[in-house]
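Survey of secondary and tertiary structure
Residue-level listing of the chains:
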Amino acid sequence: MLPGSAEELVEREERFSRYYVNLYKYVSMKTKLTLSVRKEIIRKAKSKAKSKGISVSELFEQSIKEEKETFNPQKYTLRKLLRDLEKQKPVQPKTSLSDKDEVHKHWKKKYA
């Protein structure tokens, strides 16, 4: 390999990025987090993390970062709307007639 060649520069860049990533893992502050999750989700998370060669914590961190990058305001607004609707009291009908009877009553009034 020639000094200053493209291959050497690429190799240096790869070594530096590996060093930086490893350094970041140990220098950045980490805080413990306890979650209550169904056993089936835990199994899936462990399996997925193992297949990627990372810890479950790193898998969780990556998924949160990806979600933040793909934040969809419309989706958030719809979820908020659904939560608000679930909190509302059910609407009580104004009459005791069934839907079918209401339709017949309307038709009689309209076409009489």
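Anyway, here's the lowdown on the structure attached to this text. (Residues numbered from 1 in each chain as written. Predicted model: local features only at pLDDT ≥ 70, side-chain atom pairs only at ≥ 80, totals over all residues. Heavy atoms only, no water.)

Let's shift gears to the overall build of the chain. Scanning the chain for helices and strands turns up five helices and zero strands. Along its sequence from the N terminus, the chain presents helices and strands in the succession α-α-α-α-α. Within the chain, the fraction of its 112 residues that count as buried is 4%. Carbon together with sulfur atoms contributes 59% to the accessible area of the chain, which is approximately 11600 Å² in total. (Helix = DSSP H or I, 4+ residues; strand = E, 2+ residues; numbered from the N terminus. Buried < 20%, exposed > 50% of the residue type's maximum accessible area, 1.4 Å probe, protein only. Areas by Shrake-Rupley, 256 points an atom, 1.4 Å probe, with all protein chains shown as cover.)

Working definition: two side chains of opposite charge can pair if their charged atoms are close together. Enumeration over the complete set of coordinates arrives at two salt bridges. The partner of K80 in a salt bridge is D84, with the nearest N and O atoms 3.4 Å apart. Of this pair, K80 and D84 both sit in helix α4 (residues 73-87), separated by four residues, roughly a single helical turn. According to the relative accessible area criterion, K80 is partly exposed, its value standing at 39%. (Salt bridge = Lys/Arg side-chain N within 4 Å of Asp/Glu carboxyl O.)

On to a nonpolar patch on the surface, then. Together, L33, L35, V37, I41, I42, F60 and I64 line one region of the surface with nonpolar side chains, adding up to about 600 Å² of accessible area. Counting only elements with at least two residues in the nonpolar patch, the list comes to α2 (39-52) and α3 (56-69). By the secondary structure assignment, V37 is in the loop between α1 (6-27) and α2. A residue is classified by how much of its surface remains accessible, and V37, at 37% relative accessible area, is partly exposed. (Patch = residues over 30% accessible without salt bridge, like charges linked within 9 Å, V, L, I, M, F, W, Y side chains within 5 Å.)

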